[in-house]
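Chain by chain, the residues:
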Amino acid sequence: MSTILVVEDETPLRRALTVNLAARGYDVIDAPDGETALQRAASENPDLVLLDLGLPGIDGLEVIAGLRGWTSVPIIVLTVRDDQRSKVIALDAGADDYVTKPFGMDELLARVRVALRRARPGEDHRTVTTGHWTLDLADRRATDAGGGVIRLTPTEWALVDHLVRHPERLVTQRQLITAVWGPTYDPDPNLLRVHLTHIRKKLEPDAARPRYFITEPGLGYRFVP
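Since the model is a prediction, treat every value here as computed from it, not as a measurement.

A. How the structure looks around the pairing of strand S1 (residues 3-7). In terms of burial, S1 is a largely internal element, five of the five residues being buried. Residues Thr3, Leu5 and Val7 line one face of S1 and the alternating positions Ile4 and Val6 line the opposite face, and both faces are buried. Taken together, the four bridges between S1 and strand S3 (residues 48-52) define a ladder with parallel strand orientation. Its bridge partner being in S3, Leu5 is matched across the sheet by Val49.

Shown next as structure tokens:
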């Protein structure tokens, strides 16, 4: 079941979208403003975002920028702005599609299906295997080369999950914090270092010389398969 985040400040439309999507088997979460949208995206990790541009507080373009700082989740913009310039700006900012209000529900649902199909190839590898362990991301299960269970805490899982879904890519400290704790969280500066130390003790063949979870000093971390 795909999870869709609906970001819309007009309550009747937000409810209508939620009801229609849920009736077609989607798991729906919603947000009435941009700040809440970024928080829910970080905590719920949706498969697709339906995003109104004209939001109170931070607007839709700022939400797109915030999301694109750490995720490639498909974003379909919903807006009354039907001029070409507005569409180009939204797409250049990182949106994947653009639907002008008022819109037909059947058309929107078709665009949702298309966006989800396009996104799946990059998310199909739910199992990550190295020479020392295997992670089943769907079942949140880690096993060593002999099949023994490796126990990770929920926070360790969240950090590992985010890193292994972006192999070879530098993930900044801020991106990791946002993905696991949300965009407004202000942690102790040593928080990530402590968690990564525990993760390395469990998943690295030599925790003192990391092979898989590499520190980029002053920047963040990188998963190297």
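B. Just the layout of surface pockets, in detail. In this structure, the largest pocket spans a volume of roughly 930 Å³. As for the largest pocket, its lining consists of 34 residues, and the residues nearest its centre are Asn45, Arg126, Asp161, His162 and Arg165. When contributions to the lining of the largest pocket are tallied by element, the ones reaching two or more residues are helix H2 (34-44), strand S6 (127-129), helix H6 (154-164) and helix H7 (173-181). A class-by-class count of the residues in the lining of the largest pocket yields 17 nonpolar, ten polar and seven charged.

C. Broad picture of helix H8 (residues 191-203). The end-to-end C-alpha separation of H8 is 18 Å, in line with the 18 Å expected for 13 residues at 1.5 Å each. Of the surrounding secondary structure, the elements contacted by the buried residues of H8 are strand S7 (133-136), strand S9 (149-150), H6, H7, strand S11 (213-216) and strand S12 (220-223).

D. Representation of the packing of aromatic side chains in the model. One pass over the full model with this rule turns up four aromatic pairs. Both rings, one in Trp133 and one in Tyr212, keep their centres 5.3 Å apart while their planes meet at 70°; by these two values the pair is edge-to-face. Of this pair, Trp133 sits in strand S7 while Tyr212 sits in the loop between H8 and S11, and the two are 79 residues apart along the sequence. With respect to burial, Trp133 and Tyr212 carry one shared label: buried. Centroid distance Phe213 to Phe223: 5.4 Å. Interplanar angle 35°. Geometry classified as tilted.

About the thresholds
- Residues numbered from 1 in each chain as written.
- Predicted model: local features only at pLDDT ≥ 70, side-chain atom pairs only at ≥ 80, totals over all residues.
- Heavy atoms only, no water.
- Buried < 20%, exposed > 50% of the residue type's maximum accessible area, 1.4 Å probe, protein only.
- Helix = DSSP H or I, 4+ residues; strand = E, 2+ residues; numbered from the N terminus.
- Pairing = 2+ DSSP bridges.
- 1 Å grid on protein atoms, 1.4 Å probe; cavity = no way out; pocket = protein on both sides within 12 Å on 5 of 7 lines; lining within 4 Å.
- Points joined across faces, edges and corners; volume = space filled by probe spheres on them.
- Nonpolar A, V, L, I, M, F, W, Y, C, P; charged D, E, K, R; others polar.
- Expected span 1.5 Å × (residues − 1).
- Contact = heavy atoms within 4.5 Å.
- Phe/Tyr/Trp six-rings, centres within 6.5 Å; stacked < 30°, edge-to-face > 60°.

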